[in-house]
Amino acid sequence: MRGLVWSLVVLLLLGVVGFGGWRLYDAVTTSLVRERCHVVLDNGNDTLELTAEQARNASVIVAVSFQRDLPEQAAVIALATAWQESGLRNIDYGDRDSLGLFQQRPSYGWGSEEEILDPWYSSARFYEELVKFPGWESGDVNDVAQQVQRSGHPEAYRKHEGNARALAGALRGSRPATFSCVDRGERTGGTDVVAEVVSQVPGVSAEATSTQLVLTSDDETALWAATQLALAHTRDAGITSARLAGHEWRERGAQGWEEVATDVPAGTAVVDFREAG
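Residues numbered from 1 in each chain as written. Predicted model: local features only at pLDDT ≥ 70, side-chain atom pairs only at ≥ 80, totals over all residues. Heavy atoms only, no water.

Which parts of the structure should I look at to understand the confidence of the model for the protein?
Low pLDDT means the predicted atomic positions in that stretch should not be read closely. Counting all residues, the mean pLDDT for the protein is 89, and 87% of those residues have values of 70 or more. Long-range and interchain partners of residues 16–32, a stretch whose pLDDT sits below 50, account for four contacts in this model, where long-range means more than four residues apart. (pLDDT = per-residue confidence, 0-100. Contact = heavy atoms within 4.5 Å.)

And the structure:
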């Protein structure tokens, strides 16, 4: 009898040590992953990294493509252009009087300095010019971008096309479960931070409280678009998790989206926010 008791004690201790070791491994693994947003590339193994600023700006560029009722290809061209011109950063300097995400120039009639430094305005102006060129929807991404920008480096946009396609697909919802972020901050922005980008996705309804955003849509692609657009604001909004039927993401997890059973029905996404302290 005593031998059985000791065996049970040993097994219990091993279980505790094993669980503690797993928790330690998980914590260390997560802490080693940089606080970045990630896009899973087409091969399923590699990821594209974005800073919180880049992710936020990309979400606006893509949201405006929805706002103007343009196809995903427009977002691809715009993202490739902004990647080359500013590294997806809303910079207040550039060559001569160039400014902003697309390095647009007030002296060339793109708008005032204040307008150009507004990502919503500058994105809309880019699309306004883009659609003036016949065949832009099917044209070469680099060549179409060059028509709009008239850059002194006419082949510079080409190298960003692959990344732009992956990011546009994620934020437009055609590449579900490919966009996620790792953030270990404690910021509490709330649902209002993501409301504007999410509201641009057609066919998606949103109900918000101070700590949760519930998205519903009969269109699965639109639902993924709204969810992943929201996640682009993980740091600013204090987002902690997102759930759809069969999928879950958590802010401190290094693994991105996981295929797991959730309590969320089909046609619904739930985005959770950190409660303000």
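Once the structure has been displayed, the description carries forward.
I'm lost on the state of the cysteines in this one. Help?
What is meant by a disulfide is a covalent connection between two cysteines, made through their sulfur atoms. A full pass over the atoms with the stated rule returns one disulfide. The disulfide bridge from cysteine 37 ends at cysteine 181, spanning 2.1 Å between sulfur atoms. On the sign convention where negative means left-handed, the S-S torsion of about 95° between cysteine 37 and cysteine 181 marks this disulfide as right-handed. Here cysteine 37 is found in strand β1 (residues 37–40), whereas its partner cysteine 181 is found in strand β3 (residues 179–181), with 144 residues between them in sequence. (Disulfide = S-S within 2.5 Å. Helix = DSSP H or I, 4+ residues; strand = E, 2+ residues; numbered from the N terminus.)

Just to check I follow, could you spell out helix α5 (residues 119–130) for this structure?
Each α-helix turn comprises 3.6 residues. Residues three or four places apart therefore point the same way. With twelve residues, α5 extends 16 Å between its outermost C-alpha atoms, agreeing within 8% with the 16 Å of an ideal straight helix rising 1.5 Å per residue. Taken across its twelve residues, α5 has ten buried, putting it largely inside the fold. Residues of α5 that are buried in the fold lie against α2 (52–67), α3 (72–86), α4 (113–116), α6 (141–149) and α8 (192–198). Between the side-chain oxygen of the N-cap and the backbone nitrogen of tryptophan 120 there are 3.0 Å, and the N-cap of α5 in question is aspartate 118. (Expected span 1.5 Å × (residues − 1). Buried < 20%, exposed > 50% of the residue type's maximum accessible area, 1.4 Å probe, protein only. Polar contact = N/O pair within 3.5 Å; in protein donor to acceptor, adjacent residues only side chain to side chain.)

I would appreciate a short explanation of the nonpolar core in the present structure.
One broad rule of soluble globular proteins: the nonpolar side chains tend to lie buried together. Membership of the largest hydrophobic core comes to 72 residues, with the highest contact counts inside it found for Tyr127, Leu167 and Phe179. Setting aside residues up to four positions removed in sequence, leucine 167 forms contacts with Val39, Leu50, Ala58, Leu79, Trp83, Leu88 and Phe179. (Core = buried A, V, L, I, M, F, W, Y, C linked by side-chain atoms within 4.5 Å.)

So what exactly am I meant to see when it comes to a negative patch on the surface here?
A cluster of like negative charges, contributed by Glu114, Glu115, Asp118 and Glu196, occupies part of the molecular surface. Of note, glutamate 115 is situated in helix α4. (Patch = residues over 30% accessible without salt bridge, like charges linked within 9 Å, V, L, I, M, F, W, Y side chains within 5 Å. Areas by Shrake-Rupley, 256 points an atom, 1.4 Å probe, with all protein chains shown as cover. Salt bridge = Lys/Arg side-chain N within 4 Å of Asp/Glu carboxyl O. Lys, Arg positive; Asp, Glu negative; His and termini not counted. Charge placed at Lys NZ, Arg CZ, Asp CG, Glu CD.)

Is there a simple way to think about the sheet that holds β3 in this case?
The pairing of strands in a sheet comes from backbone hydrogen bonds and takes either a parallel or an antiparallel form. The strand order β2-β1-β3 describes an open sheet built from three strands, whose pairing is antiparallel. The open sheet is flanked by β2 (47–50) and β3, the only strands paired with a single partner. Neighbouring strand axes in the sheet, compared pairwise and without regard to direction, differ in orientation by 25° on average. Pairing between β1 and β2: four bridges, direction antiparallel. When the sheet's bridge partners are listed, histidine 38 is paired in β2 with glutamate 49. Seen against the sheet, α2 touches β1, β2 and β3 and runs at an angle of roughly 95° to β2. (Pairing = 2+ DSSP bridges. Axes fitted to C-alpha atoms, helices over the stretch in contact; angles between N-to-C directions.)

How should the packing of aromatic side chains be read in this particular structure?
Working definition: an aromatic ring pair is given by the centre-to-centre distance plus the angle between the planes. Enumeration according to the criterion identifies three aromatic pairs in this entry. Both rings, one in phenylalanine 102 and one in phenylalanine 126, keep their centres 4.8 Å apart while their planes meet at 15°; by these two values the pair is stacked. In this pair, phenylalanine 102 is assigned in the loop between α3 and α4 and phenylalanine 126 in helix α5, connecting sequence segments 24 residues apart. Comparing phenylalanine 102 with phenylalanine 126, the two get one shared label, buried. Summarising the aromatic geometry, the rings of phenylalanine 126 and tyrosine 127 are spaced 6.0 Å apart at their centres and angled 75° between planes, so their arrangement reads as edge-to-face. Assessed through its relative accessible area of 0%, phenylalanine 126 is described here as buried. Look at tyrosine 127 and you get buried, because its relative accessible area is 0%. The positively charged end of arginine 172 is found above the aromatic ring belonging to phenylalanine 66, 4.0 Å away from the centroid. (Phe/Tyr/Trp six-rings, centres within 6.5 Å; stacked < 30°, edge-to-face > 60°. Lys NZ or Arg CZ within 6 Å of the ring centre and 35° of its normal.)

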